[in-house]
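Residue-level structural notes
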Amino acid sequence: MSLDPATIRRIASLARIRVEEHEVETLQTELNSILGWIEQLNEVNVDGVEPLTGGARMAMKMRDDVVTDGGYPEKVLANAPDRNGDFFAVPKVVE
Amino acid sequence: MGYAIEGSTGTWEVVVGLEVHAQVISNAKLFSGSATAFGAEPNSQVSFVDAAFPGMLPVINRECVRQAVRTGLGLNAHINVVSHFDRKNYFYPDLPSGYQISQYEHPVVGAGVVEVQLADGSTKQIGVTRLHLEQDAGKSLHDQHPTKSFIDLNRAGVALMEIVSEPDIRSPEEAGAYVRKLRSILRYLGTCDGNMEEGSMRADVNVSVRKHGEPYRTRCEIKNVNSVRFVMLAVEAEAQRQIEVWESGGTVQQETRLFDSARGITRPMRSKEDAHDYRYFPDPDLLPLVLDEAWIEELRLALPELPDARQARFMREYGLTAYDAGVLIAEKETAAFFETVAKGRDAKIAANWVTGDFFAALNRTGGSIENPPVSAENLGKLLDLIADNTINGRIAKDVFEAMLGTGKDPASIVDEKGLRQVTDTSAIDAAVAKIVAANQDKVAEYKSGKDKLFGFFVGQTMKAMAGKGNPTLINEALKKALS
């Protein structure tokens, strides 16, 4: 599998990363070499092996259903580029 | 032959699957300790986890897991002892982290089934594919400013259950019945309040059409439909649209649409083509969710009586028809109200009063079953007054009207207004004698075979007694007087 320049641009746009035209070729080379490495992993036979999504063979810890957080809109909004009252304000998005 | 739509090229079948998003009832959010209450000041129930500040880690709320498992058990579904959380990636201003924590390949609940009842008396099993836990997004307000949208993250991170059905639904009626039944089950379980106006339950409706016997054709998804009626209308409108596309030689494109309730049509969402490229991957912040089998069993044993079981019990214990039982159990508050009225009384009469005069009064007064215009206790007392012949059925309706909104005991109304039924046979005989004497022409007609006139005499006698005569005794007295 190898990525063409159009796919590189699409991945960048999905990730909202600006990629200049002259960067596409470099990224294409780098990503393709990463994919090549992953393809090597695909050669390993894993029939009958449980998929493992983490290194720790542990289960998730749970917390009790108690309200312990929130109530500080000022802190939450502290870094907002724009606000209106206690709302974040963003350029209009209309569906 | 079920529901079908006639097109110019023949008969079309509708195929529908539903994804219902149900907000979990819990105090705190799915992965943070901030509150979930509806209607709070903007951004006042937001933690740094919900706002996706760097370095914050999610920790799951046990209650949300418990509610999802209980819901799964209530849907007769398989509970997955091990499940995983994944990131669903997309950018939108009300999703601060740029991804929603959801469950993709390994949901907490697997296949189940919901049985729905249809108007023709038949029942149908609708398969449930899965139920998974996920975070809700924040809320965007688009109509407050000409060039800006306002964002409130209070809802961001609240736990949702997404309940996905199989494409087993074949008509708008079945779609409506499925959503109503699901809502009823969730409310019985207390896992979601089912309030569609406040958005705590909403549906994405997948619709396609096909000729009978064909494989499935391309479907479209109608997003965020927020009432049972709109679900039914959206299915119909979208099916009609697709039939027109196919029959005019076109091809239905898979896309996301919105239901425009004002115009009764669906229209495409103005979203980018890559909106559906979510690039799911396992959330590296979260370990597998592993459930204890004994805990699942404990939850199963502690489940309340659910709608199907309650309906069967109402039919068995109270001798009600499937229809009456179905009406009474749809809302658990109504079922409880009925049981209070019926306790120790004639259940069929109780059912008639609850579904008849009481429901009519609810509609008329705009009241709710939680805050009824007549309490179950007082309605029960009214039935006692009929049963022990203190008042007759006709007067009972007047007493009921006088009870509405007053909280008054029916017996005191009967006493105040002097509505006690007359069972004194000499008073009844006297009234009958007067009516007979005043209507000699009718008596002659009756005796010559016009049996129908008997009702006239009953009515006249009752009227003369101000409605308070005992109907059985009046009948007896009249029969004697007219023979």
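Notes on the structure in this doc start here.

About the thresholds
- Residues numbered from 1 in each chain as written.
- Chains lettered and ligands numbered in written order.
- Predicted model: local features only at pLDDT ≥ 70, side-chain atom pairs only at ≥ 80, totals over all residues.
- Heavy atoms only, no water.
- Phe/Tyr/Trp six-rings, centres within 6.5 Å; stacked < 30°, edge-to-face > 60°.
- Helix = DSSP H or I, 4+ residues; strand = E, 2+ residues; numbered from the N terminus.
- Lys NZ or Arg CZ within 6 Å of the ring centre and 35° of its normal.
- Pairing = 2+ DSSP bridges.
- Buried < 20%, exposed > 50% of the residue type's maximum accessible area, 1.4 Å probe, protein only.
- Contact = heavy atoms within 4.5 Å.
- Buried area = accessible area lost by both parts, 1.4 Å probe.
- Salt bridge = Lys/Arg side-chain N within 4 Å of Asp/Glu carboxyl O.
- Polar contact = N/O pair within 3.5 Å; in protein donor to acceptor, adjacent residues only side chain to side chain.
- Nonpolar A, V, L, I, M, F, W, Y, C, P; charged D, E, K, R; others polar.

Considerations on the packing of aromatic side chains
Per the stated rule, a full pass over the model turns up 17 aromatic pairs over all chains. When the ring of A:Tyr72 is compared with that of B:Phe48, the centres are 4.7 Å apart and the planes differ by 35 degrees; the resulting orientation is tilted. Linking A:Tyr72 in the loop between strand 1 (62-63) and helix 3 (73-77) with B:Phe48 in the loop between strand 2 (10-23) and strand 3 (60-61), this pair reaches from one chain into another. An aromatic cluster of three or more residues is present, and its members are B:Tyr90, B:Tyr104, B:Tyr278 and B:Tyr280. Between the NZ or CZ atom of B:Lys397 and the centre of the ring of B:Trp353, over which it lies, the distance is 5.3 Å.

Let's talk about the sheet that holds strand 10 (residues 148-152) of chain B
One open sheet accounts for 4 strands, arranged 2(A)-3(A)-10(B)-9(B); its pairing is antiparallel. Of all strands in the sheet, those with a lone pairing partner are strand 2 (83-84) of chain A together with strand 9 (139-141) of chain B, marking the two edges. Alignment of strand 9 of chain B against strand 10 of chain B, held across 3 bridges, turns out to be antiparallel. The partner of B:Leu141 across the bridge, within strand 10 of chain B, is B:Phe150.

Observations concerning unusual backbone geometry
Located in the positive-phi region is A:Arg16, a residue other than glycine, with phi close to 55 degrees. On the basis of relative accessibility, which here comes to 48%, the residue A:Arg16 falls in the partly exposed class. The phi angle at B:Ala52 is positive, at roughly 60 degrees, despite the residue not being glycine. Inspection of the secondary structure puts B:Ala52 in the loop between strand 2 and strand 3. Residue B:Ala52 is classed as partly exposed on the basis of its relative accessible area, which comes to 30%.

Some remarks on the interface of chain B and chain A
Often, the extent of an interface is quoted as the loss of accessible area on bringing the components together. Each partner contributes residues to the interface: chain B has 54 residues there, and chain A has 39 residues. Taken over both partners, the interface formed by chain B and chain A buries close to 4,200 Å², and the fraction arising from carbon and sulfur atoms is 59%. Between A:Asp64 and B:Arg62 there is a salt bridge; the shortest N-O distance is 2.6 Å. Counting across the interface, chain B meets chain A through 25 residue pairs in polar contact (both at pLDDT 80 or more). Elements with a contribution of two residues or more to the side of chain B that touches chain A: strand 3, helix 1 (62-74), strand 10 and strand 17 (289-290) of chain B. Split into classes, the residues belonging to the side of chain B that touches chain A amount to 30 nonpolar, 15 polar and 9 charged. Sheet topology note: the strand 1 of chain A/strand 3 of chain B ladder contains 2 bridges and is parallel.

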